[in-house]
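The chain contents come next:
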Amino acid sequence: GAKSNIMDHQVHSRHQIGTRWDPKYEIRVHSCFWYSLQNDQEGMTYILMDKIPSFPALSDALSLKKYRLTLKLLSASAREVMACVDEKTGNTLLVTVADIEKTSSNSEWLKLLSEKLVVKGIDVTLKNKQGRNALHCAAIRGHHNLCVLYCDRFKLPASEPEGGGLTPMILH
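Keep in mind that what you see is a predicted model, and the values were worked out from it rather than measured.

S.K.: What is the right way to look at the confidence of the model for the chain in this model?
M.R.: Should the pLDDT be low somewhere, the predicted coordinates at that spot are not to be read in detail. Here the chain shows a mean pLDDT of 84. Residues at 70 or above account for 83%. Contacts for the low-pLDDT stretch residues 1–18, under 50 throughout, to residues beyond four places or in other chains number 44 contacts.

Encoded structure:
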């Protein structure tokens, strides 16, 4: 696709969607959607929202902590998006949510997003390339409310080890 430079980063046309590493140049390549989110260009974001695949849009919104938009995108997403994984990390959307750094303001948002993902049909048992599911990642990040949600409502076992042999109870 056509390339242009925005803010000293390499950006591809809207057909090259998502965030990825370009090993040839060892740079991070972002989508136009990511840049519109990053720069709070709401009009452009909403125009692009209808033009791009759901999984990259959701990943971009989550990476920039745009939780309200992520919830809106989830509501409009097809069920097939719940089976998508990030090719670099192997993270599902639920693992991505659980792996977000804990802040005082994001706890309820992450719980809402987790619940919405399960309603949409995401497989809560899927693990990333490190052998961690959402419960492992939530425990590592100190998301107590997510750990309770994942164990009590989503029935993830607290005794299941991750790839390195550690259980969520040890990781917390």
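S.K.: Please explain the packing of aromatic side chains as it appears in this structure.
M.R.: For the structure shown, the criterion picks out three aromatic pairs. Measuring from ring centre to ring centre gives 5.6 Å for Y150 and F154, while their planes differ by 25°; the resulting arrangement is stacked. We classify Y150 as buried; its relative accessible area is 0%.

S.K.: Explain the packing of helix α7 (residues 134–141) against helix α8 (residues 144–152) to me, please; I cannot follow it from the model alone.
M.R.: When two helices pack together, their arrangement is given by the angle between their axes and by how far apart the axes lie. Contact geometry for α7 and α8: axes closest at 8 Å, N-to-C directions at 160°. With respect to α8, the axis of α7 lies roughly antiparallel. The two elements α7 and α8 meet at a crossing, and its hand is left-handed. Residues A134, L135, A138 and A139 of α7 lie in contact with α8, whose contacting residues are L146, C147, Y150 and C151. Here the residues of the contact of α7 with α8 are counted per class, giving eight nonpolar, no polar and no charged.

S.K.: Help me out: how do you make sense of the pattern of salt bridges in this one?
M.R.: When the charged atoms of two side chains lie near each other, side chains of opposite charge can form a pair. Under the defined criterion, the tally for this structure stands at five salt bridges. The residue R153 makes a salt bridge to E115 at a minimum N-O spacing of 3.0 Å. Taken together, the residues span a long stretch of sequence, with R153 in the loop between α8 and α9 (168–171) and E115 in helix α6 (residues 107–119) at a distance of 38 residues. Taking the shortest distance from any N to any O, the salt bridge between K127 and E160 comes out at 2.6 Å. Residue K127 is found in the loop between α6 and α7, and its partner E160 is found in the loop between α8 and α9; the two are separated by 33 residues along the sequence.

S.K.: Please clarify how unusual backbone geometry should be interpreted in this entry.
M.R.: Backbone phi values are negative for most residues with the exception of glycine, while trans is the configuration of most peptide bonds. The backbone of D40 shows a phi angle near 55°, a positive value even though the residue is not glycine. For K65, which is not glycine, the phi torsion reads 60° and is therefore positive. With respect to the element layout, K65 can be found in the loop between α3 (54–63) and α4 (67–76).

S.K.: Just checking my understanding: could you explain helix α2 (residues 42–49) for this structure?
M.R.: Residue pairs spaced three or four apart in an α-helix point in one direction, given the helix's 3.6 residues per turn. Taken together, the buried positions of α2 are occupied by T45, L48 and M49. Buried residues of α2 fall within an arc of 105° about the axis and therefore sit on the same side. The inward-facing, buried residues of α2 contact α1 (32–38) and α4.

S.K.: Explanation requested: the environment of A83 in the structure shown.
M.R.: Within the secondary structure layout, A83 lies in the loop between α4 and α5 (93–98). The class for A83 is exposed, based on a relative accessible area of 59%. When the C-alpha positions of A83 and L126 are compared, they lie 9.4 Å apart, and in sequence the two are 43 residues distant.

S.K.: Help me out: how do you make sense of the side chain of R132 in this one?
M.R.: For R132, the position within the fold is in the loop between α6 and α7. With sequence-adjacent residues up to four places away left out, R132 is seen in contact with V95, L126, K127, C137, I140 and E162.

The rules behind each value
- Residues numbered from 1 in each chain as written.
- Predicted model: local features only at pLDDT ≥ 70, side-chain atom pairs only at ≥ 80, totals over all residues.
- Heavy atoms only, no water.
- pLDDT = per-residue confidence, 0-100.
- Contact = heavy atoms within 4.5 Å.
- Phe/Tyr/Trp six-rings, centres within 6.5 Å; stacked < 30°, edge-to-face > 60°.
- Buried < 20%, exposed > 50% of the residue type's maximum accessible area, 1.4 Å probe, protein only.
- Axes fitted to C-alpha atoms, helices over the stretch in contact; angles between N-to-C directions.
- Helix = DSSP H or I, 4+ residues; strand = E, 2+ residues; numbered from the N terminus.
- Parallel < 35°, antiparallel > 145°, perpendicular 65-115°, else oblique.
- Left-handed = near helix turned anticlockwise from the far one by under 90°.
- Nonpolar A, V, L, I, M, F, W, Y, C, P; charged D, E, K, R; others polar.
- Salt bridge = Lys/Arg side-chain N within 4 Å of Asp/Glu carboxyl O.
- Arc of directions from axis to C-beta.

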